[in-house]
Amino acid sequence: DQQVKQNSPSLSVQEGRISILNCDYTNSMFDYFLWYKKYPAEGPTFLISISSIKDKNEDGRFTVFLNKSAKHLSLHIVPSQPGDSAVYFCAASAFSSGGGADGLTFGKGTHLIIQP
Amino acid sequence: EPEVTQTPSHQVTQMGQEVILRCVPISNHLYFYWYRQILGQKVEFLVSFYNNEISEKSEIFDDQFSVERPDGSNFTLKIRSTKLEDSAMYFCASSEEFLANEKLFFGSGTQLSVL
């Protein structure tokens, strides 16, 4: 049961261009969404998050967009840099319904490759 | 910068053996978690722990699994009788605040291989 889906296992983008990573979810109880980044041999590190009361959150080169009606979110990285090459995980939580302690539901990840 | 540390980085065991995976969460954190990632699959929640007891656990976390905070610094995951399907990367995580999922800090993981 994939409640959080990342349909692209990998994505290749030229350095300096925009990277767009997509994520879809099915559970309407999810109201908090996060992106994590993972390098090989390291644990996931938090990147950016968005609450369902917003449709956009920006932090430097990273912007997350949320479309609640479509149950879709995306992460935009502009401009893409070589150090952005990593696996990006979308995650969701039913935060306001007390689901915080339930942990996060992760997608399978998208491997982003930034080409010079 | 404070970090979550996990030992060992790799663990190889025979099916049916007991394993203990160790974690040292960030010192002022109050919530502790175990997640796992089977090769090629998503990161899955196993259990959360607060105030010396389990807060929540997933369906994966059956009677073969247990967690413990034996002292003020360590947080352990025990698998009583390992199965082949327990082979995965196990991540420990901690957070400072209650329900603050966005502040989850993960360790580098322990790669468990059950033969």
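Computed from a prediction, not measured in an experiment: that's the story for all the values here.

Re the overall build of chain A
When helices and strands are tallied, chain A shows zero helices and eleven strands. Traced from its N-terminal end to its C-terminal end, chain A shows the element sequence β-β-β-β-β-β-β-β-β-β-β. Relative to the 2.2 N^0.38 estimate, which gives 13 Å for 116 residues, the radius of gyration of chain A is 14 Å and therefore close to what a compact globule would have. Taken over the C-alpha atoms alone, chain A extends approximately 45 × 30 × 20 Å along its principal axes. Put simply, chain A has 116 residues, and 47% of those count as buried. Sequence separation of 24 or more characterises 56% of the internal contacts of chain A that already satisfy a separation of 6 or more. When the accessible surface of chain A is summed, it comes to about 5,400 Å², and 49% of that surface belongs to carbon and sulfur atoms.

Side note on the state of the cysteines
Summed over the entire model, instances satisfying the criterion amount to two disulfides over all chains. Here A:Cys23 is linked by a disulfide to A:Cys90, with a sulfur-sulfur distance of 2.0 Å. Looking along the S-S bond of the A:Cys23-A:Cys90 disulfide, the torsion reads about -75 degrees, which is the left-handed sense. Of this pair, A:Cys23 sits in strand 3 (residues 19–25) while A:Cys90 sits in strand 9 (residues 86–93), placing them 67 residues apart in sequence. Like A:Cys90, A:Cys23 is buried. Two residues share a disulfide in this structure: B:Cys23 and B:Cys92, whose sulfurs sit 1.9 Å from each other. Handedness of the B:Cys23-B:Cys92 disulfide follows from its S-S torsion of about -65 degrees: it is left-handed. Residue B:Cys23 is located in strand 3 (residues 19–24), and its partner B:Cys92 is located in strand 9 (residues 88–95); the two are separated by 69 residues in the primary sequence. B:Cys23 gets classed as buried once you look at its relative accessible area, which sits at 0%. A relative accessible area of 0% means that B:Cys92 is categorised as buried.

Details of the packing of aromatic side chains
Applying the stated criterion to the full structure yields 18 aromatic pairs over all chains. Between B:Phe91 and B:Phe106 the ring centres are 6.3 Å apart and the planes differ by 90 degrees, which places this aromatic pair in the edge-to-face class. Remark: B:Phe106 occurs in strand 10 (residues 105–106) and B:Phe91 occurs in strand 9; sequence separation between them is 15 residues. With relative accessibility at 0%, the residue B:Phe91 sits in the buried group. Its relative accessible area of 10% is what places B:Phe106 among the buried residues. Put simply, the rings of A:Tyr36, A:Phe46, A:Phe89, A:Phe106, B:Tyr31, B:Tyr33, B:Tyr35, B:Phe45, B:Tyr50, B:Phe91 and B:Phe106 pair up and form one aromatic cluster.

A few points about the nonpolar core
The nonpolar side chains of a soluble globular protein tend to be buried, and buried together. Ranked by internal contacts, the top residues of the largest apolar core, which has 23 residues, are A:Phe33, A:Trp35, A:Leu73, A:Leu75 and A:Tyr88. Secondary-structure elements contributing two or more residues to this core are strand 3, strand 4 (32–38), strand 5 (45–51), strand 7 (62–67), strand 8 (72–77), strand 9 and strand 11 (110–115) of chain A. A:Leu73 has contacts with A:Leu21, A:Asn22, A:Cys23, A:Tyr25, A:Phe33, A:Trp35, A:Val64, A:Phe65, A:Leu66 and A:Cys90, leaving out every residue within four places of it along the chain. By size, the runner-up hydrophobic cluster in this structure holds 22 residues, among which are B:Val4, B:Leu21, B:Leu46 and B:Phe75.

What counts, and where the lines are drawn
- Residues numbered from 1 in each chain as written.
- Chains lettered and ligands numbered in written order.
- Predicted model: local features only at pLDDT ≥ 70, side-chain atom pairs only at ≥ 80, totals over all residues.
- Heavy atoms only, no water.
- Helix = DSSP H or I, 4+ residues; strand = E, 2+ residues; numbered from the N terminus.
- Rg over C-alpha atoms; globule rule 2.2 N^0.38 Å.
- Buried < 20%, exposed > 50% of the residue type's maximum accessible area, 1.4 Å probe, protein only.
- Contact = heavy atoms within 4.5 Å.
- Areas by Shrake-Rupley, 256 points an atom, 1.4 Å probe, with all protein chains shown as cover.
- Disulfide = S-S within 2.5 Å.
- Phe/Tyr/Trp six-rings, centres within 6.5 Å; stacked < 30°, edge-to-face > 60°.
- Core = buried A, V, L, I, M, F, W, Y, C linked by side-chain atoms within 4.5 Å.

From the geometry alone we can't say anything about function, so treat these as descriptive.
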